[in-house]
Protein chains: 2
Amino acid sequence: MQQVVAPAFKTCSDCPIRHRAVCAKCDSQELELLEDIKYYRSFSAGQTVMWAGDHMDFVASVVSGVATLTQTMEDGRTQMVGLLLPSDFVGRPGRAEAAYTVTATSDLVMCCFRRKPFEQMISTTPHIAHRLLEMTLDELDAAREWMLVLGRKTAREKIASLLSIIARRDALLGLAAPGKELQVEIPLTREAMADYLGLTLETVSRQISALKRDGVIVLSGKRLVTIPDMDRLMTEAGDDSDGGYLV
Amino acid sequence: MQQVVAPAFKTCSDCPIRHRAVCAKCDSQELELLEDIKYYRSFSAGQTVMWAGDHMDFVASVVSGVATLTQTMEDGRTQMVGLLLPSDFVGRPGRAEAAYTVTATSDLVMCCFRRKPFEQMISTTPHIAHRLLEMTLDELDAAREWMLVLGRKTAREKIASLLSIIARRDALLGLAAPGKELQVEIPLTREAMADYLGLTLETVSRQISALKRDGVIVLSGKRLVTIPDMDRLMTEAGDDSDGGYLV
DNA sequence: ACTGTTCCTTGACACAGATCAAAAGTGGAG
DNA sequence: CTCCACTTTTGATCTGTGTCAAGGAACAGT
């Protein structure tokens, strides 16, 4: 691999393996190293990208759309273990077998990197290895935060937590400005929300209705949620707010 | 840092940052690189190693004993998000603030590495960076497996899942032989088990009694559990057994 | 041996959320 | 526009687990 390109990463040291289409800080040069091993794949809403146990010869990052990572028990109970939004990474270097089922919940474009050359690139390009470690640590933190939600929060708190996570994420991507009302689109059906939260879809629906009735959120259609008071939502989620939700 | 020692890692390429005291494959030479930045700390059962939010100037690996990673809500609800057994690693390179509270649940010895030099070593020693990435990915898989337990399993399945995870772990460390009866020590109080499983300690106690009554487990004292039939336990846990529990 | 402390077990009851069932929206295809 | 499939909402009832309460077992210190 041509290790020559390494300096180019300095222009965007914190996101070398994220696809430039989704990173405002990236210029068009920095992913040249990846150009020759990448290709795009599109999926339509509802399509399964890969099944748990499938042989997987690529890793990928989400360019646009939303996908979910789910685990399923033999009797059909399913738990979502991750939500893939634009710029998120999926796949495990060094392992050929997919651990989770990945499903597109909206029209989805992924940027795939052939696994073998990607692995090789990691070992020859410390910047990328380091960034990958950071992203994995972030995912681990997110997974552990979600363990608290799943294990200890009430249905209402779970819904509020999900909304606040999506809202925070939107804020991060610059889709929302601090100070003004937040409006977020929930990119999930009620059933998918239930699978994320460890609830049934009926309970999800009831709690959303309750939050609406209590003025915590305003619904425009089924998927579009306006949040008049983010601090209020954070309180409902059981988090100590601190206004730190724009981090 | 003296990068000269790198070849030494080849004798134990899969566990460079684990402490040699807990890795049968390691000889006494391979951790020389770490010698000058490490020190040991001991804790007694019940002692808190660090609080969430504390400034943390080291990362560490468990030499002996058991520790837990917990998250707590303002009203006192707590969720265990990780169990640290010998050879496990804790701490986040690149972040000074502890994300979780770490508590010793038995007498505990940790091998600490000062964070700054450790971080520097990561960037100059690809072997270690790579191994750290692998360990983090393993932890992420474990966290996600636990999300399924927390979100979708019944109390009885949760208990069985916890026992089978501890049993598998013991088997990995060579404390148990396949074919013969497994005997495992649960290194947790009923309350700690409850915090791990998202239950109350009363429910934990009841379900353990039920598993005992049904012959799935045999208790010797409060903490020592004999598992006459591992496949049976796996079925109770809701896992597809496959006999793959020795992996 | 006594006493206090901590951990564990068991019982009675309450309630959050699951389950079962039905109806009302919603949106795409023809 | 109408039809049909799918998603969502809402209601009635059931149940698994939480809550509250009491007592037992193990153990350390005096």
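Along each chain, the written sequence defines residue order, and numbers are assigned to residues from 1. Chains carry letters from A onward and ligands carry numbers from 1 onward, assigned in written order. Predicted model: local features are reported for residues with pLDDT of at least 70 only, side-chain atom pairs are reported and counted for 80 or more only, and whole-chain, interface and lining totals are derived from all residues. To obtain the side-chain values, all non-hydrogen atoms of the structure were used and water was disregarded.

Enquirer: Can you walk me through the overall build of chain A in this structure?
Expert: Note on conventions: DSSP H or I runs of at least 4 residues are helices, E runs of at least 2 residues are strands, and numbering of each starts at the N terminus. Broken down by element type, chain A carries seven helices and eleven strands. Counting the 247 residues in chain A, one finds 53% classified as buried. For chain A, restricting intrachain contacts to residue pairs at least 6 apart in sequence, the fraction spanning at least 24 positions comes to 67%. Calculation of accessible area relied on Shrake-Rupley with a 1.4 Å probe; when residues are assessed, cover is drawn exclusively from the protein chains displayed. Looking at chain A as shown, the accessible area adds up to about 10,800 Å², and 50% of this sits on carbon and sulfur atoms. For every residue, the accessible area (1.4 Å probe, protein chains only) is compared with the maximum for its type, and the residue is labelled buried under 20%, exposed over 50%, or partly exposed between those bounds. Residue contacts are counted whenever heavy atoms from the two residues lie within 4.5 Å of one another.

Enquirer: Which parts of the structure should I look at to understand the relation of the copies chain B and chain A?
Expert: Put simply, the two copies of the chain differ by a rotation about an axis and a shift along that axis. Mapping chain B onto chain A is achieved by rotating through 180° and translating by 0.0 Å along the same axis, at an RMSD of 0.0 Å. Each copy turns onto its partner about a two-fold axis. A high fraction, 100%, of the interface residues of chain B reappear at the interface in chain A, so the copies pair face to face through one surface. Least squares is the method used to superpose the copies, on C-alpha atoms of residues holding a pLDDT of at least 70 in both.

Enquirer: For this particular structure, what's the right way to read the protein's contact with DNA strand D?
Expert: In the neighbourhood of DNA strand D, 17 residues make up the surrounding shell, with A:Arg190, A:Ser205, A:Ser209, B:Thr203 and B:Arg206 lying closest. Counting only the atoms of DNA strand D within 4 Å of the protein, the fraction contributed by sugar and phosphate is 63%. Polar contact is defined as a pair of N or O atoms within 3.5 Å, subject to the rule that within protein one atom must be able to donate a hydrogen and the other to accept it, and that residues adjacent in sequence are counted only when both atoms are side-chain atoms. Within the side chain of A:Ser209, a nitrogen or oxygen atom sits 2.8 Å from a phosphate oxygen of DNA strand D. Backbone polar atom of B:Ala155 to a phosphate oxygen of DNA strand D: 2.9 Å apart, as the coordinates give it. Taken together, the elements giving at least two residues each to the surface near DNA strand D come down to helix H6 (201-213) of chain A together with helix H6 (201-213) of chain B. Sorting elements by how many residues they give to the surface near DNA strand D places H6(A) first, with five residues. Looking at the surface near DNA strand D, its residues break down into three nonpolar, seven polar and seven charged. We call a residue near a molecule or strand when any one of its heavy atoms sits within 4 Å of it. Asp, Glu, Lys and Arg are counted as charged, while Ala, Val, Leu, Ile, Met, Phe, Trp, Tyr, Cys and Pro are counted as nonpolar; the rest, among them Gly, fall into the polar class.

Enquirer: Any chance you could explain the interface of chain B and chain A here in plain terms?
Expert: Interface size is commonly expressed as the accessible area that is lost once the parts come together. The partner chain A presents 42 residues to the 41 residues of chain B that form the contact. Buried area counts how much accessible surface, traced with a 1.4 Å probe, disappears from two parts once they are put together, with both parts' losses summed. When the two sides are added together, the surface that chain B and chain A hide from each other amounts to roughly 4,000 Å², 56% of it contributed by carbon and sulfur. Of all residues in chain B, B:Arg144, B:Met147 and B:Arg152 bury the most surface against chain A, accounting for 20% of the area lost on that side. Think of a salt bridge as a Lys or Arg side-chain nitrogen and an Asp or Glu carboxyl oxygen that are within 4 Å of each other. Inspection of the region where chain B meets chain A yields 13 salt bridges. Of all the elements in the fold, those that place two or more residues in the side of chain B that touches chain A are strand S4 (67-72), strand S5 (78-84), helix H3 (126-152) and helix H5 (190-197) of chain B. Looking at the side of chain B that touches chain A residue by residue, the class counts come to 17 nonpolar, eight polar and 16 charged.

Enquirer: I'm lost on the nonpolar core in this one. Help?
Expert: A general tendency of soluble globular proteins is for nonpolar side chains to be buried together. A:Met110 and B:Met110 are the most contacted members of the largest nonpolar core, which totals 114 residues. Once residues lying within four places of it in the same chain are set aside, the contact partners of A:Met110 are A:Tyr39, A:Tyr40, A:Arg41, A:Phe43, A:Val49, A:Ala60, A:Ser61, A:Val62, A:Val63 and A:Val90. Throughout this description, the term nonpolar core refers to a set of buried Ala, Val, Leu, Ile, Met, Phe, Trp, Tyr and Cys residues connected via side-chain atoms within 4.5 Å. In terms of nonpolar packing, the next biggest core, distinct from the first, is built from 30 residues, A:Ile37, A:Val59, A:Phe113 and B:Ile37 among them.

Enquirer: Just to check I follow, could you spell out the sheet that holds strand S2 (residues 48-50) of chain A for this structure?
Expert: Hydrogen bonding along the main chain pairs the strands of a sheet, whether they run parallel or antiparallel. The four strands lie next to each other as S2-S7-S4-S5 (chain A), forming an open sheet whose pairing is antiparallel. For this open sheet the edge positions go to S2 and strand S5 (78-84) of chain A, each flanked by a neighbour on one side alone. Strand-to-strand twist across the sheet, computed as the mean angle between neighbouring axes with direction ignored, equals 30°. On the sheet, H3(B) packs against strand S4 (67-72) and S5 of chain A and is oriented at approximately 130° with respect to S5(A). Whether two strands pair depends on DSSP finding at least two bridges between them. Each axis is a line fitted through C-alpha atoms, and for a helix only the stretch in contact is used; angles between axes span 0 to 180 degrees, taken between their N-to-C directions.

Read these as geometric descriptors, not functional statements.
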